[in-house]
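Chain and residue survey
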Amino acid sequence: MPSGSPDGRPPGADLRSSSASSRALRGAPPGLQRSELVGSMGASTGVGAAVMVPPKQEGLLAALKGGRGFAVVLTALTAVATALAVVLLTHTFDGDGGLIPSAPVYANFNPVTKQVTLNFKNRTVLWINSTTEVTGSPEMKGSTYTWKNGVMLNISSPSCHGDCVNPKRDNEALQHCSLVEWTAPSRQAITNLVDFSGTQWYGGPQLFNQTWPLATDIPVQPFQSNMLGAGSERIGPYLSSIFASSDGVALVVDKFTPLHLGFESGSGQLTVKAQTNAGGSGESSVQLKYLLCAAPDILSVLAILEVVGAVPLPVNTPSNPYGVPDTSMFKEPVWSTEMRPAADQTQEGIEAFGDRIAGSGFLEGCSALAGCGQMVIHHGWAGVEGDLVFNTTNFPDPVALVQHLRQVGLRVLLSVHPFVDPKAQAAAEGIASGYFVKGPDGRPGLVDWWRGQGYMIDVTNHRAVEWFSDRLNTLKSTYGLDSFVFDGGESGFMPDGFSTSAPLHTAAEYTGNYSNVSASFGRLVQISSAWTGAERLPVFVRQPAISPSWGVDNGLQAMLNSIYALGLSGYPFVMPAALSRGDKDDLPDPELFVRWMQLMAFFPAMHLSLAPWDYNSTVVDIGMSLMNLRDNLKDILVTTGYNAKTLGAPIVRPLWYLAPTDPAVFPISDTFMLGDNILVAPVLHPGSRSRDVYLPARGVAGTWQRGSVQCTDRKPAA
């Protein structure tokens, strides 16, 4: 890549900044700051940046100085202290409900309404109201309530039972939690209504309208993974039942609960309902189980969840001692054919795309030896879906294609899925061997998916998994592939009344099993759906493609909000969303494309489904400056990735990670931390040339330093 001008700007940069703006500003006060973004991106899109960087990072500062077209970046000079104070919770007593040993929960039963109310106290009150039908007055024995119709409620202090890494420390953390267990006959649903009003709440599953904090209506529905659809109210592909509040309360629903979930944003009421699903384990009772924890602030309660294993850390294995994906995923871009024109999704078109990547000078040092990144070949490569054989019409010599891409410095990944077309040769073998998920009639169930109809491989059947894995390994070795992107693991695809070889507590378990199969193929793997437990896997979770829009309705802001939610749920390694084309297959607005690239530059990976040269030379120049910036960030990204494994903190963090006791930070969703020290304030609105940046008033043992571009201060926020 060209070295640019002597002051570090890429060729042609036109940042009209004052000389004062290039001087570092120390001791900037907390509160609201105004960053004026000056510069030009053609006639229609002026962009620029204000930056704050740590001392002794001259390389990063040089990359940021004068470079146009990237977001506002701020850096705390001193890392946030990692020690978290925890306030011990005492026993509680309720005159009607009785003593609940070591559990900070009051339980009340109203014999008139036949409702049970749980009151969980810290500094706030979390009400849980049961609408489950009960008969008569409960018999109480210890911490267990039993009604005549068989409904039982047990409230206890959880313990490690030998499963904790450090029993003394972990049991100490569990003293801040209560375990609530409801049990009822299998045909009876258990419904709890949780009052989330009066505070900010975060977490839960991925949604089409992804808000941060939680403010999206969710109709009560089975807690299963689905593909995101336009305007859909369904839960998306990533499942999490972890919720945490701004004042330090957390609720975690047990993963084996046959959960139905809903949320009303107006009333702040969360519905958690246990109801046996078709295809379930066939147990004689249904159970709703959840953990309630409290601490002084949100970071403290999340630390407790990590200690007790409610938010698993990535796992260490002999083959993967660091529990993180291949570091090349952090350092080099991931290119994909996902949004390329249909005419380019052929062997000839993909080879030309690879040549353009390698020969453009867009990536400094890109070569077969240094590496130009990963190339993901998406759907359309297969002949008959499920046979795992290339379409020879569009790909006459796939071995030559893979060799060509490798020669220009690209690793090659292929998108695969668990569906088998009825016309595939593999279908007959799978049916005869019992390798597919069955419908209510006990026969292999046909399901609708995005490329037609097909059978779903039963990933609870170890013989079916071996069959699938052997065929994938043959595909990999035959064509010289490096790895796979595993699509299609959403449990929402399964047929109504499904059954599997091994009974499932909940349909969501299918997604978890599929993720485990995916992770067995190494550390270059990407997955597109996940369920509790996949947090431990050293893979990248791939965000669904976003619309060519700016908002929370699956647009640019939703992309950022989604990475917050994934991080809180224990998924630090996130592959950014592809930016979709328009309804007529036209390119997104160039300003949106640039803002999308800017945002990704600070994400764990950079995923280019569209390329800067799809636009014009100005966008290419901006893209080159961003790649130069990211090159200077790569060591920080890798280090933060390793820390995510050991410490549990996400790579991309909401602002309250910096100042968990500052009430002003909790509504903020357009500013984030990259690791401990870099604060990023991206531009997420069309036409914006300036924006406000809030510097937290508390929580940072140090000052702020500003980098190069002109900024004007405003009075700190009250």
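Residues numbered from 1 in each chain as written. Predicted model: local features only at pLDDT ≥ 70, side-chain atom pairs only at ≥ 80, totals over all residues. Heavy atoms only, no water.

**Examining the overall build of the chain**
In terms of regular secondary structure, the chain is built from twelve helices and 37 strands. The buried share of the chain, reckoned over its 718 residues, is 58%. Of all intrachain contacts in the chain linking residues separated by at least 6 positions in sequence, the fraction that spans at least 24 positions is 72%. Surface summary for the chain: the accessible area is close to 26,500 Å², and the carbon and sulfur share equals 51%. (Helix = DSSP H or I, 4+ residues; strand = E, 2+ residues; numbered from the N terminus. Buried < 20%, exposed > 50% of the residue type's maximum accessible area, 1.4 Å probe, protein only. Contact = heavy atoms within 4.5 Å. Areas by Shrake-Rupley, 256 points an atom, 1.4 Å probe, with all protein chains shown as cover.)

**Considering the nonpolar core**
Counting 161 residues, the largest nonpolar core has Trp-335, Trp-381, Leu-475, Trp-596, Met-597 and Trp-656 as the members making the most contacts within it. If one sorts the elements of this core by residue count, helix H12 (residues 617–647) sits on top with eleven residues. Ignoring sequence-local partners within four residues, the contact set of Leu-475 consists of Trp-381, Leu-388, Leu-414, Val-416, Leu-481 and Phe-484. (Core = buried A, V, L, I, M, F, W, Y, C linked by side-chain atoms within 4.5 Å.)

**Some words on the confidence of the model for the chain**
Mean pLDDT over the chain works out to 79, with 76% of the residues at or above the 70 mark. This stretch, residues 32–103, has a pLDDT under 50; its non-local contacts, to residues over four places away or in other chains, come to 245 contacts. (pLDDT = per-residue confidence, 0-100.)

**Examining the pattern of salt bridges**
Per the counting criterion, the structure on display carries twelve salt bridges. Salt-bridge contacts for Arg-542 lead to Glu-338; the nearest nitrogen and oxygen are separated by 2.6 Å. Within this pair, whereas Arg-542 is found in strand E29 (residues 540–542), its partner Glu-338 is found in the loop between strand E21 (334–336) and helix H5 (347–359), the two being separated by 204 residues in sequence. Overall, Arg-542 belongs to the buried group, its relative accessible area being 8%. (Salt bridge = Lys/Arg side-chain N within 4 Å of Asp/Glu carboxyl O.)

**Let's talk about the packing of H5 against helix H6 (residues 398–407)**
Relative to each other, H5 and H6 sit at 5 degrees, their axes nearing to 10 Å. In terms of orientation, H5 and H6 fall into the roughly parallel class. Contacts between H5 and H6 involve Gln-347, Ile-350, Glu-351, Gly-354 and Asp-355 from the former and Pro-398, Ala-400, Leu-401, His-404 and Leu-405 from the latter. Split by residue class, the contact of H5 with H6 holds five nonpolar, three polar and two charged. (Axes fitted to C-alpha atoms, helices over the stretch in contact; angles between N-to-C directions. Parallel < 35°, antiparallel > 145°, perpendicular 65-115°, else oblique. Nonpolar A, V, L, I, M, F, W, Y, C, P; charged D, E, K, R; others polar.)

**Thoughts on the packing of aromatic side chains**
By the definition in use, this model includes 36 aromatic pairs. On the basis of an interplanar angle of 15 degrees and a centroid distance of 5.1 Å, the ring pair of Phe-436 and Tyr-455 is categorised as stacked. Residue Phe-436 is located in the loop between helix H7 (425–433) and strand E25 (447–449), and its partner Tyr-455 is located in strand E26 (residues 452–456); the two are separated by 19 residues in the primary sequence. We note that Phe-436, like Tyr-455, is buried. An aromatic cluster is present here, built from Tyr-202, Trp-212, Tyr-564, Trp-656, Tyr-657 and Phe-666 joined pairwise through their rings. Above the face of the Trp-467 ring, Arg-471 is positioned so that its terminal group lies 4.5 Å from the ring centre. (Phe/Tyr/Trp six-rings, centres within 6.5 Å; stacked < 30°, edge-to-face > 60°. Lys NZ or Arg CZ within 6 Å of the ring centre and 35° of its normal.)

**Points about the pairing of strand E27 (residues 483–486)**
Covered by surrounding structure in E27 are Ser-483 and Val-485 together with Phe-484 and Phe-486, the residues of both alternating faces. With four bridges connecting them, strand E23 (residues 410–416) and E27 associate as parallel partners. In the strand pairing of E27, Leu-413 is matched with Ser-483. By the bridge criterion, two bridges tie E27 to strand E28 (residues 526–527) in an arrangement that is parallel. Across the sheet, the residue bridging to Phe-486 is Ile-527, located in E28. Read as a crossover between parallel neighbours, the route from E27 over helix H9 (residues 508–519) to E28 is right-handed. (Pairing = 2+ DSSP bridges. Right-handed = clockwise from strand over helix to strand, strands pointing away.)

**Focus on H7**
Along H7, the positions that sit buried rather than exposed are Ala-426, Ala-427 and Gly-430. Projection of H7 onto a plane perpendicular to its axis shows the buried side chains occupying an angular sector of 105 degrees, all on one side. What points out from H7, more than 90 degrees from its buried face, is the exposed set Gln-425, Ala-428 and Ala-432. Downstream of H7 by a residue or two, Gly-434 has a phi angle that is positive, lying close to 75 degrees. (Arc of directions from axis to C-beta.)

**Regarding the sheet that holds strand E14 (residues 201–203)**
Spatially, eight strands are ordered E9-E10-E11-E12-E20-E17-E16-E14 in an open sheet, and the strand pairing comes out antiparallel. Looking at which strands have only one partner, the edges of the open sheet turn out to be strand E9 (139–141) and E14. Averaged over all adjacent pairs, the angle separating strand axes in this sheet is 15 degrees, with direction ignored. Seen against the sheet, helix H3 (residues 298–307) touches strand E12 (177–185), E14, strand E16 (242–245), strand E17 (249–253) and strand E20 (285–294) and runs at an angle of roughly 130 degrees to E20.

**A few points about the environment of Val-620**
Examined against the element boundaries, Val-620 turns out to sit in helix H12. On the basis of relative accessible area, Val-620 is assigned to the buried category, the value being 17%. Residues Val-620 and Val-594 lie 26 residues apart in sequence; the distance between their C-alpha atoms is 9.7 Å.

**Comments concerning H6**
Within H6, the full set of buried residues consists of Pro-398, Leu-401, Val-402 and Leu-405. Across the axial projection of H6, the buried residues extend over an arc of 95 degrees, all falling on one side. Tucked into the core, H6 has its buried residues touching H5, strand E22 (373–377), E23 and helix H8 (462–479). Positive phi shows up at Gly-409, right after H6, with a value of about 100 degrees.

**Some remarks on unusual backbone geometry**
A cis amide bond, omega 0 degrees, links Trp-212 with the succeeding residue Pro-213. You will see that Leu-388, though not glycine, has its phi angle at about 60 degrees, which is positive. You will see that Asn-554, though not glycine, has its phi angle at about 60 degrees, which is positive. Inspection of the secondary structure puts Asn-554 in the loop between E29 and helix H10 (556–568).

**A closer look at the sheet that holds E27**
Here we have eight strands laid out as an open sheet, ordered E30-E29-E28-E27-E23-E22-E21-E31, and parallel in their pairing. Bordering the open sheet on either side are strand E30 (574–575) and strand E31 (607–608), each of which pairs with just one other strand. Set on the sheet, H8 makes contact with E23 and E27; between it and E27 the angle comes to about 130 degrees.

**Points about the side chain of Gln-347**
Turning to its location among the elements, Gln-347 is positioned in helix H5. Overall, the relative accessible area of 9% leaves Gln-347 in the buried class. Residues in contact with Gln-347, not counting those within four places in the same chain, are Asn-394, Phe-395, Pro-396, Asp-397, Pro-398, Ala-400 and Leu-401.

**As for the packing of H7 against H8**
One can describe the packing of H7 onto H8 by two numbers: an axis separation of 11 Å at closest approach and a directional angle of 160 degrees. Comparing the axis directions of H7 and H8 gives the class roughly antiparallel. In terms of crossing hand, the pair formed by H7 and H8 is right-handed. For the pair H7 and H8, the contacting residues are Ala-426, Glu-429, Gly-430 and Ser-433 in the first and Arg-463, Trp-467 and Arg-471 in the second. Here the residues of the contact of H7 with H8 sort into two nonpolar, two polar and three charged. (Left-handed = near helix turned anticlockwise from the far one by under 90°.)

**Quick look at the environment of His-176**
By secondary structure assignment, the location of His-176 is in the loop between helix H2 (167–174) and E12. Taking C-alpha positions, His-176 is 8.4 Å from Ser-157, a pair spaced 19 residues apart along the chain.

**Topic: the pairing of strand E34 (residues 678–681)**
Side chains Ile-678 and Val-680 of E34 all project onto a buried face; the interleaved residues Leu-679 and Ala-681 project onto the opposite face, where all are buried too. The hairpin formed by strand E33 (residues 672–674) and E34 contains three residues between the paired strands, and Gly-675 there has a positive phi angle of roughly 65 degrees.

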